[in-house]
Amino acid sequence: MLRRSTSKRTATAQRNTLRIIGGQWRGRKLSFPDVPGLRPTADRVRETLFNWLQGWVLDENCLDLFAGSGACGLEALSRGARSAVFVDASRDASASIQAHLSLLGAEGGSVVTMSAGQWLLGASAVTGEANKFGLVFLDPPFADDALTGIVQQLETSGILKPRAQIYLESGQNLAELPLPANWFMRKNLRAGAVYYGLYERRA
C-alpha cells in the first residue's frame, strides 16, 4: 500500500513539472499545482513555437491569458521579453506563477487572478500605447471552448500592437475557428490531439 501511494505521488510530481527550454533560465524545472483543466504547453510544442517566433520575443510586451502553469510567459521572459502579464482565474495557479517569478528573480512579470474575459473588459483602461502587447499566448482549457469568444474580445480590446503575434492552442482544428479577419496564419501544426498555430495581426 505504501509503495503504491509513493508511486502515485511520484507520478503526480512528474506530471506537474515544466521545464524552461531556452534563455537565461534554460533547463530550470518548476512545479505547479493540480488545477482542473490546467495543461501546460508541451516541451516540443513550446520549442517549435519559440523557433517560429525568433526575434519577436526580445524586448516585447507579452500577455499570457489562461496562463495556467505560466509556461509560455515564463519562457518568453527567459528569452528576453520586456514584460509578461499572466492572467488566470485560479488562485492556486496564480500563486504558483508568482512564486516562480520570485524564485527566478524575474523582472517584468505580473500576475492577475481573474478570468480572461473579465480582465479584457478593463484592460484598455490600464494599457497605455507604450505597453500594448506584441505577443499573446492563448491556451484555454479545451473543455471550456473559450477561444471563439476570447479572440474577438481580444481583437476589439485595443491592447494589441498593429502587428501583434498571437499563439493559439486548441483541441479543435484552428482552421475551423471564426478568427478575426485581420489575423493571418503564419504557422499551423498538430501534435496528437492538440492543434496549435501562430497568427499575425495586421491593422
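Residues numbered from 1 in each chain as written. Predicted model: local features only at pLDDT ≥ 70, side-chain atom pairs only at ≥ 80, totals over all residues. Heavy atoms only, no water.

Chemist: Help me out: how do you make sense of the packing of helix 5 (residues 116–126) against helix 6 (residues 147–156) in this one?
Modeler: The contact between helix 5 and helix 6 brings their axes to 10 Å, and the two run at 15°. What the angle tells us is that helix 5 and helix 6 run roughly parallel. Taken as a pair, helix 5 and helix 6 cross one another with a handedness that is left-handed. Residues Ala-116, Gly-117, Leu-120 and Leu-121 of helix 5 touch helix 6, and the partners they reach there are Ile-150, Gln-153 and Leu-154. (Axes fitted to C-alpha atoms, helices over the stretch in contact; angles between N-to-C directions. Helix = DSSP H or I, 4+ residues; strand = E, 2+ residues; numbered from the N terminus. Parallel < 35°, antiparallel > 145°, perpendicular 65-115°, else oblique. Left-handed = near helix turned anticlockwise from the far one by under 90°. Contact = heavy atoms within 4.5 Å.)

Chemist: Just checking my understanding: could you explain the sheet that holds strand 5 (residues 109–113) for this structure?
Modeler: Paired through their backbone hydrogen bonds, the strands of a sheet run either parallel or antiparallel. Read from one edge of the open sheet, seven strands run 5-4-3-6-7-9-8, paired in mixed fashion. Both outer strands of the open sheet, strand 5 and strand 8 (183–191), are each paired with one neighbouring strand and no more. Recorded for the sheet is a direction-independent mean angle of 15° between the axes of neighbouring strands. As paired strands, strand 3 (residues 61–65) and strand 6 (residues 133–138) are joined by four bridges and run parallel to one another. Bridging from a neighbouring strand, Leu-63 pairs with Val-136 of strand 6. (Pairing = 2+ DSSP bridges.)

Chemist: How should the packing of helix 2 (residues 43–53) against helix 3 (residues 71–78) be read in this particular structure?
Modeler: Helix-helix packing: each pair is described by the crossing angle between the helix axes and the interaxial distance. In contact at an axis separation of 11 Å, helix 2 and helix 3 are set at 45° when each is read in the N-to-C sense. Of the possible angle classes, the one that applies to helix 2 and helix 3 is oblique. The handedness of the crossing between helix 2 and helix 3 is right-handed. On helix 3, the residues touching Arg-46, Leu-49 and Phe-50 of helix 2 are Ala-71, Cys-72, Glu-75 and Ala-76. A breakdown of the residues in the contact of helix 2 with helix 3 according to their chemical character gives five nonpolar, no polar and two charged. (Nonpolar A, V, L, I, M, F, W, Y, C, P; charged D, E, K, R; others polar.)

Chemist: I keep staring at the side chain of Glu-155 and nothing clicks. Help me out?
Modeler: Checked against the element boundaries, Glu-155 lands in helix 6. Looking at Glu-155, the relative accessible area reads 16%, which means it is buried. A distance of 2.8 Å separates the side chain of Glu-155 from the side chain of Arg-201, its partner in a polar contact. If we skip the residues at most four places from it in the chain, Glu-155 touches Leu-160, Pro-180, Asn-182, Trp-183 and Arg-201. (Buried < 20%, exposed > 50% of the residue type's maximum accessible area, 1.4 Å probe, protein only. Polar contact = N/O pair within 3.5 Å; in protein donor to acceptor, adjacent residues only side chain to side chain.)

Chemist: I tried to follow the nonpolar core on my own but got confused; where do I start?
Modeler: Looking at soluble globular proteins, one finds that nonpolar side chains tend to be buried together. Counting 35 residues, the largest nonpolar core has Leu-49, Leu-77, Phe-86 and Phe-137 as the members making the most contacts within it. Contributions of two or more residues to this core are made by helix 2, helix 3, strand 4 (83–88), helix 4 (91–104), strand 6 and strand 9 (194–201). Setting aside residues up to four positions removed in sequence, Leu-77 forms contacts with Gln-24, Trp-25, Ser-83, Ala-84, Phe-86, Leu-101, Ala-106, Glu-107, Gly-108 and Gly-109. Core analysis: the next-biggest nonpolar cluster, separate from the first, contains 28 residues, Leu-120, Val-136, Ile-150 and Ile-159 among them. (Core = buried A, V, L, I, M, F, W, Y, C linked by side-chain atoms within 4.5 Å.)

Chemist: How should I be thinking about the packing of aromatic side chains in this particular structure?
Modeler: Aromatic rings in a pair are described by how distant their centres are and how their planes are angled relative to each other. For the structure shown, the criterion picks out four aromatic pairs. For the pair Trp-52 and Tyr-196, a centre-to-centre distance of 5.6 Å together with 25° between the ring planes defines the contact as stacked. Of this pair, Trp-52 sits in helix 2 while Tyr-196 is found in strand 9, placing the two residues 144 residues apart along the sequence. In this structure Tyr-196 comes out as buried when scored by relative accessible area, which is 5%. When the ring centre of Phe-184 is taken as reference, the NZ or CZ atom of Arg-202 above it lies at 4.4 Å. (Phe/Tyr/Trp six-rings, centres within 6.5 Å; stacked < 30°, edge-to-face > 60°. Lys NZ or Arg CZ within 6 Å of the ring centre and 35° of its normal.)

Chemist: How should I be thinking about the environment of Phe-137 in this particular structure?
Modeler: When you line up the elements, Phe-137 lands in strand 6. The class for Phe-137 is buried, based on a relative accessible area of 1%. As a C-alpha pair, Phe-137 and Asp-64 span 73 residues in sequence and 4.9 Å in three-dimensional space. The contacts of Phe-137, once residues within four sequence positions are left out, are Leu-49, Phe-50, Cys-62, Leu-63, Asp-64, Leu-65, Cys-72, Gly-73, Ala-76 and Tyr-167.

Chemist: Is there a simple way to think about the side chain of Gln-165 in this case?
Modeler: In this structure, Gln-165 sits in strand 7 (residues 160–170). Here Gln-165 falls in the buried class, since its relative accessible area comes to 0%. Polar side-chain contacts of Gln-165 include one of 2.6 Å to the side chain of Arg-186. Among the polar contacts made by the side chain of Gln-165, one reaches the side chain of Glu-200 at a distance of 3.3 Å. Every residue in contact with Gln-165, bar those within four places of it in the chain, is listed here: Leu-53, Trp-56, Gly-134, Leu-135, Val-136, Arg-186, Leu-198, Tyr-199 and Glu-200.

Such coordinate-based values are descriptive only and should not be taken to indicate function.
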